[in-house]
Amino acid sequence: MNTSKTPITLLGLGDMGAALGRSWLAAGHPLTVWNRTPEKAGPLVAAGARAAGSAAEAVAAATGPVILCLLDDDSVGATLDGADLAGKDLINLTTGTPEQGRRRARWAEERGARFLDGGIMAVPPMIGVPESGGYILYSGDQALFERHREALEVPAGVNYVGSDAGHAALYDVALLSAMTAMFAGTTHAFALVDGEKEVDLSRFATLLAGWLGAMSGAAHGMAAQLESGDYTLGVHSNLAMMSAGNATFLDTSREQGVGPGLLTPFMDLMARRVAQGHGDEGLAGIVGLLREGAGRA
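To keep things clear, this report deals only with the structure shown in the data block. Quick caveat: nothing in here was measured; it's all calculated off a predicted structure. (Residues numbered from 1 in each chain as written. Predicted model: local features only at pLDDT ≥ 70, side-chain atom pairs only at ≥ 80, totals over all residues. Heavy atoms only, no water.)

Here we take up empty space enclosed by the protein. Once rolled over the atoms, a probe with the size of a water molecule shows which space is left empty. Within the structure shown, the criterion is met by 1 cavity of 30 Å³ or more. Its volume calculated, the largest cavity comes out at about 50 Å³. In this structure, the largest cavity is lined by D72, D73, V76, N92, T94, T95, G96, T97, Q100, G101 and D117. Each residue belonging to the lining of the largest cavity can be placed in one class, and the counts come to 1 nonpolar, 7 polar and 3 charged. (1 Å grid on protein atoms, 1.4 Å probe; cavity = no way out; pocket = protein on both sides within 12 Å on 5 of 7 lines; lining within 4 Å. Points joined across faces, edges and corners; volume = space filled by probe spheres on them. Nonpolar A, V, L, I, M, F, W, Y, C, P; charged D, E, K, R; others polar.)

Next up, the structure:
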């Protein structure tokens, strides 16, 4: 083992934690691990990690970053309860909300620790595989991020998103929200074509993936509209046209025996914005409807 590499202390060995641990071991980092269920440490110990008897023991021995990859924010507090955090570098990769990240940063500072919050944009098989496209968002103490950047780049790409400790979680949830909506649209699309005798679902999937990729650039257009305040900027298919076209989507759903429930909430917002006199815009005006709560049932 190359002892010149930054030692890592890892608390939490679920599927993601174990994948992180394997990547650091493979890269030659000395690794100390702890898990509430000790048996989960076995494979990493067999690969060269050291198992600590308690979380407090693991933290006390840490000379490098203490990485937390636990169930939720409550688990972070419970795991570190009683541990001496003074002078320690805490990097929290536990999924949480923006406000939880901010509170946890203040909590760590009160105990004399430095703190980074993170959001993992990957699933466990993507960890340690550079070509997978996975990355981890970080926010909080920038000096801490730079100090450990080399080690943090081992499991996945890194993206520092600012000194506000809540921003990693905010970006994480925002990106996953977009993914969720994409999955909803994909599910509706397959519901429309599934069962048609002459539809090759594999070929349809290729067309669908390509189309979604081609449309992804619309995100840049929406950002430009929101930044400028001009929601007509660069619009080619305006909201009135899109909203009118929704009738065809709904008619096709009925003809195919598919419920429109995954589409109608967004269509209702489009119609509401048009009714407010903004049919010449793109979709950016809907952001305001959502932020004002006007889109709630």
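Considering only enclosed or pocket space, the second largest pocket measures out at about 510 Å³ in volume. Residue lining of the second largest pocket: 26 residues in total, with G12, G14, C69, L70 and L71 positioned closest to the centre. Elements supplying a minimum of two residues to the lining of the second largest pocket: α1 (15-26), α4 (73-80), β6 (114-121) and α8 (167-193). Class assignment of the residues belonging to the lining of the second largest pocket gives a composition of 11 nonpolar, 11 polar and 4 charged. (Helix = DSSP H or I, 4+ residues; strand = E, 2+ residues; numbered from the N terminus.)

Our next topic: the packing of aromatic side chains. Per the stated rule, a full pass over the model turns up 3 aromatic pairs. When the centroid spacing of 5.4 Å and the interplanar angle of 80° are considered together, the rings of F190 and F204 count as edge-to-face. With F190 in helix α8 and F204 in helix α9 (residues 201-215), this residue pair connects regions lying 14 residues apart in the sequence. Taken together, the ring pairs connect Y138, F145 and Y160 into an aromatic cluster. (Phe/Tyr/Trp six-rings, centres within 6.5 Å; stacked < 30°, edge-to-face > 60°.)

Our focus in this paragraph is the sheet that holds β6. Overall, mixed pairing links the 8 strands, which are arranged β3-β2-β1-β4-β5-β6-β7-β8 in an open sheet. Taken across any chain shown, the strands that pair with only one partner, and hence form the sheet edges, are β3 (50-51) and β8 (157-160). Where β6 lies against strand β7 (residues 135-140), 6 bridges are found, and the strand directions are antiparallel. Looking at the pairing, G119 lines up with L137 of β7. Taken strand by strand, helix α5 (residues 98-110) contacts β5 (89-92) and β6, and its axis lies near 150° from that of β6. Those strands touched by α8 are β6 and β7, and its axis lies near 10° from that of β6. (Pairing = 2+ DSSP bridges. Contact = heavy atoms within 4.5 Å. Axes fitted to C-alpha atoms, helices over the stretch in contact; angles between N-to-C directions.)

What follows deals with the pattern of salt bridges. Throughout the structure, instances matching the rule amount to 12 salt bridges. Of the charged contacts, one joins E146 and R149 as a salt bridge, the two residues approaching to 3.6 Å between their closest N and O atoms. R149 sits in the partly exposed class, given a relative accessible area of 31%. Here the residues in one salt-bridge network are E99, R102, R106 and D164, joined through shared partners. (Salt bridge = Lys/Arg side-chain N within 4 Å of Asp/Glu carboxyl O. Buried < 20%, exposed > 50% of the residue type's maximum accessible area, 1.4 Å probe, protein only.)

The subject of this paragraph is the nonpolar core. Counting 29 residues, the largest nonpolar core has L20 and Y138 as its most contacted members. When contributions to this core are tallied by element, the ones reaching two or more residues are β1 (8-11), α1, β2 (31-34), β6, β7, α6 (142-147) and α7 (149-152). Counting residues per element, this core draws most heavily on α1, at 5 residues. Counting residues in each nonpolar core, the second largest holds 21 residues, with L68, L90, A113 and F115 among its members. (Core = buried A, V, L, I, M, F, W, Y, C linked by side-chain atoms within 4.5 Å.)

What follows deals with the pairing of β6. A regular strand places its side chains on the two faces of the sheet in alternate fashion. Among the 8 residues of β6, 7 are classified as buried, and the element is accordingly described as predominantly covered. Of the pairings in the sheet, the one linking β5 to β6 comprises 4 bridges and is parallel in character. The residue bridging N92 from the neighbouring strand is D117, located in β6.

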